[in-house]
There are 2 protein chains.
Amino acid sequence: MTLSMLWKETGPVWARPPPLRNPPSPNPNIPPAIYPVQGPRFVATHTFTDAPPLDILFVPGGGGNRALHENNDTVIEDFIASRFDELQYVLSVCTGAATLAKSGVLAGRRATTNKATWNWTTQFGDGKVEWVPTARWTEDGKVWTSSGVAAGIDMTYAFFRKFLDPALVDLVMNVMEYSPHTDKHWDPYSVVHDVPGADQGRPLGDCVGPVGYKFKCTGEDAMAA
Amino acid sequence: MTLSMLWKETGPVWARPPPLRNPPSPNPNIPPAIYPVQGPRFVATHTFTDAPPLDILFVPGGGGNRALHENNDTVIEDFIASRFDELQYVLSVCTGAATLAKSGVLAGRRATTNKATWNWTTQFGDGKVEWVPTARWTEDGKVWTSSGVAAGIDMTYAFFRKFLDPALVDLVMNVMEYSPHTDKHWDPYSVVHDVPGADQGRPLGDCVGPVGYKFKCTGEDAMAA
């Protein structure tokens, strides 16, 4: 397995998004100190121009694609559109679905996105996307999309389990000590964030534990509202 | 909040650990293709020599500290020992607890670590560490330690919730769509990985959901063994 990390230039890239042209007013509930003055930097191995052939493309979200949109910068969408036919799979996390929608590859497909930014993301796709309001992740042919960032872990677990030895993937999960959500229809965040059309009847809680083991939960209410 | 990332040199650092001097035999259950030929690279902002004053030190684990140990390289332990008095808090994830133990700062304290690597990590500390076999994370004064990598997310949630506005931290969690484990004593992985002294009586499953909301789980067995 070879990992390529793509950006306009190779070398260090700030995880912190560039400033918005029209930044929203600061949230009065969030003290300035929690906004980091910087973030970690990752290293891009290739540019969108010299990227090698790819089998799987993983499209993250976050403030970055919102900033690109505000600047009318479609470099990622153009790359996705040009490579989509050669890809075996494309997966998105959070607002990465907005980038997929803008690239055109969600036309006629089911997709989901972060429920806290639902209205922003679902404006894209020219009305041709079937946005699924209650879903931790969706699978539609070669396109998988997930909700907020943690949902991306669960989607990735389901994805790898489908294509690699499930016992091996389970071993990795239990060494990571991650207890995945395995039901892609479980989505309390569609209720938390008041997504239009959210299924209010699905349980907000989920019983999770180590994969491959038999476990049960207490059934007690776990937390006061 | 200012983030500093430390290593021997500034600039890009492979997330993939250096090769072990005495590598274990390849696991016959893991096909070679799943071992990535490389990993992502992060950018170190400071060295252990020129690091600024720090309030909180976060010590990760993984194959890297095992490789350092094999090479008798104590650069991280020496740094922790020299800075421990000035720190308000030090937190470890996974085998980062081995590094803490070797630095001496766990003497007389309770600590935990990844349950899959229990025997390796708990050999350190000169018998002065109270290693807790069943714990998702531990808190002992200014030292917090967590189990496998995903347990670090739960420890970090509990840590921030203690020192920042809880409503704000909960908001961030619900935007991340992460449903945390909030009971530091819940630890099915001590059973999964046969840790000596593990409490077999604690439930393997956990009922989780969005923070700040009332939820319950079904109580049905969730998965066959």
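Calculation notes
- Residues numbered from 1 in each chain as written.
- Chains lettered and ligands numbered in written order.
- Predicted model: local features only at pLDDT ≥ 70, side-chain atom pairs only at ≥ 80, totals over all residues.
- Heavy atoms only, no water.
- Helix = DSSP H or I, 4+ residues; strand = E, 2+ residues; numbered from the N terminus.
- Buried < 20%, exposed > 50% of the residue type's maximum accessible area, 1.4 Å probe, protein only.
- Areas by Shrake-Rupley, 256 points an atom, 1.4 Å probe, with all protein chains shown as cover.
- Domains from an automatic or database assignment.
- Contact = heavy atoms within 4.5 Å.
- Buried area = accessible area lost by both parts, 1.4 Å probe.
- Salt bridge = Lys/Arg side-chain N within 4 Å of Asp/Glu carboxyl O.
- Polar contact = N/O pair within 3.5 Å; in protein donor to acceptor, adjacent residues only side chain to side chain.
- Nonpolar A, V, L, I, M, F, W, Y, C, P; charged D, E, K, R; others polar.
- Pairing = 2+ DSSP bridges.
- Axes fitted to C-alpha atoms, helices over the stretch in contact; angles between N-to-C directions.
- Expected span 1.5 Å × (residues − 1).
- Parallel < 35°, antiparallel > 145°, perpendicular 65-115°, else oblique.
- Left-handed = near helix turned anticlockwise from the far one by under 90°.
- Disulfide = S-S within 2.5 Å.

### A closer look at the overall build of chain A
Thinking step 1. Of the regular secondary structure elements, chain A holds 7 helices and 11 strands.
Thinking step 2. Counting every position in chain A, which comprises 225 residues, the buried fraction comes to 47%.
Thinking step 3. In the form shown here, chain A has an accessible surface area of approximately 10,700 Å², with 55% of it arising from carbon and sulfur atoms.

### A closer look at the domain arrangement of chain A
All names here are of chain A.
Thinking step 1. Looking at the assigned domains, one finds that chain A contains domain 1 (1-52) and domain 2 (53-199).
Thinking step 2. Between the C-alpha centres of domain 1 and domain 2 the distance comes to 18 Å.
Thinking step 3. Taken residue by residue, the interface counts 13 residues in domain 1 and 17 residues in domain 2.
Thinking step 4. Across the interface of domain 1 and domain 2, roughly 1,200 Å² is buried in total on both sides, 67% from carbon and sulfur atoms.
Thinking step 5. At the boundary of domain 1 with domain 2, the tally comes to 1 salt bridge.
Thinking step 6. In this structure, K8 and D73 form a salt bridge, with 2.4 Å as the shortest nitrogen-oxygen distance.
Thinking step 7. Linking domain 1 to domain 2 there are 4 residue pairs in polar contact (both at pLDDT 80 or more).
Thinking step 8. Classifying every residue of the side of domain 1 that touches domain 2 gives 9 nonpolar, 2 polar and 2 charged.

### Things to note about the sheet that holds strand β10 (residues 143-146) of chain A
Hydrogen bonds along the backbone pair up the strands of a sheet, which may run parallel or antiparallel.
All names here are of chain A.
Thinking step 1. One open sheet holds the 4 strands; their spatial order is β5-β6-β10-β9, and the pairing between them is mixed. Lying at the two open borders of the sheet, with one neighbouring strand each, are β5 (56-59) and β9 (137-140). Sheet twist, expressed as the average angle between the axes of neighbouring strands with direction ignored, equals 10°.
Thinking step 2. Against the sheet, helix α3 (residues 96-103) engages β5, β6 (89-92) and β10, with an angle of about 135° to β6.
Thinking step 3. Running over the sheet, helix α5 (residues 149-163) touches β5, β6, β9 and β10 and is turned about 150° from β10.

### Looking at the side chain of A:D187
Thinking step 1. Relative to the elements of secondary structure, A:D187 occurs in the loop between α6 (166-176) and α7 (189-192).
Thinking step 2. Taking the relative accessible area as the measure of exposure, A:D187 reaches 2% and is therefore buried.
Thinking step 3. Of the polar contacts made by the side chain of A:D187, one reaches the side chain of A:K115; its length is 3.1 Å.
Thinking step 4. Sequence-distant contacts of A:D187, that is, excluding residues within four places in its chain, are made with A:K115, A:P133, A:T134, A:A135, A:R136 and B:E177.

### Let's talk about helix α5 (residues 149-163) of chain B
Thinking step 1. Its 15 residues give α5(B) an end-to-end C-alpha distance of 22 Å, which sits within 8% of 21 Å, the value for a rise of 1.5 Å per residue.
Thinking step 2. Three or more residues of α5(B) are buried, namely B:A150, B:A151, B:G152, B:D154, B:M155, B:T156, B:Y157, B:A158 and B:F159.
Thinking step 3. Contacts from the buried residues of α5(B) go to α6 of chain A together with β5 (56-59), β6 (89-92), β9 (137-140), β10 (143-146) and α6 (166-176) of chain B.

### Describing unusual backbone geometry
Thinking step 1. Its identity as a non-glycine residue notwithstanding, A:D194 has a phi of 55°, on the positive side.
Thinking step 2. At B:C94, a residue that is not glycine, the phi angle is positive and equals roughly 55°.
Thinking step 3. One can find B:C94 in the loop between β6 and α3 (96-103).

### Here we look at the packing of helix α2 (residues 75-83) of chain B against α3(B)
Residue and element names in this part refer to chain B.
Thinking step 1. Look at α2 against α3: their axes get within 8 Å of each other, and the N-to-C directions meet at 60°. Of the possible angle classes, the one that applies to α2 and α3 is oblique. Remark: the crossing between α2 and α3 carries right-handed chirality. Listed contacts from α3 to I76, E77, I80 and A81 of α2 are T99, L100, K102 and S103.
Thinking step 2. Partitioning the contact of α2 with α3 into residue classes produces 4 nonpolar, 2 polar and 2 charged.

### A short note on the sheet that holds β6(B)
Residues and elements named next belong to chain B.
Thinking step 1. The strand order β5-β6-β10-β9 describes an open sheet built from 4 strands, whose pairing is mixed. Because the sheet does not close on itself, it has two edges, and the strands there are β5 and β9. Within this sheet the neighbouring strands show an average axis-to-axis angle of 10°, counted without direction.
Thinking step 2. The sheet contact formed by β9 and β10 spans 4 bridges and is antiparallel. Its bridge partner lying in β10, T138 is registered against T145.
Thinking step 3. Packed onto the sheet, α3 meets β5, β6 and β10 and runs at close to 135° relative to β6.

### Focus on the state of the cysteines
Residues and elements named next belong to chain A.
Thinking step 1. Considering all chains together, one arrives at 2 disulfides over all chains under this definition.
Thinking step 2. Note on cysteine connectivity: C207 is disulfide-linked to C217, with sulfurs 2.0 Å apart. Taking the torsion about the S-S bond as the criterion, the C207 to C217 disulfide, at about 90°, is right-handed. Of this pair, C207 sits in strand β11 (residues 206-208) while C217 sits in the segment after β11; the two residues are 10 residues apart in sequence, bridging distant segments of the chain. Each member of the pair, C207 together with C217, is buried.

### Overview of the packing of α5(B) against α6(B)
Residue and element names in this part refer to chain B.
Thinking step 1. Between α5 and α6, whose axes approach to 7 Å, the crossing angle comes to 150°. Overall, the two elements α5 and α6 adopt an arrangement that is roughly antiparallel. Between α5 and α6, the residues in contact are Y157, F160 and R161 and P166, V169, D170 and M173, respectively.
Thinking step 2. Split into classes, the residues belonging to the contact of α5 with α6 amount to 5 nonpolar, no polar and 2 charged.

### Quick notes on the side chain of B:T134
All names here are of chain B.
Thinking step 1. If you trace the backbone, T134 turns up in the loop between β8 (130-131) and β9.
Thinking step 2. Of note is the side chain of T134, whose polar atom sits 3.3 Å from the side chain of S190.
Thinking step 3. Within the structure, the side chain of T134 is placed 2.8 Å from the backbone nitrogen of D199, a separation counted as a polar contact.
Thinking step 4. When neighbours within four sequence positions are excluded, T134 is seen to be in contact with H185, D187, S190, A198, D199 and R202.

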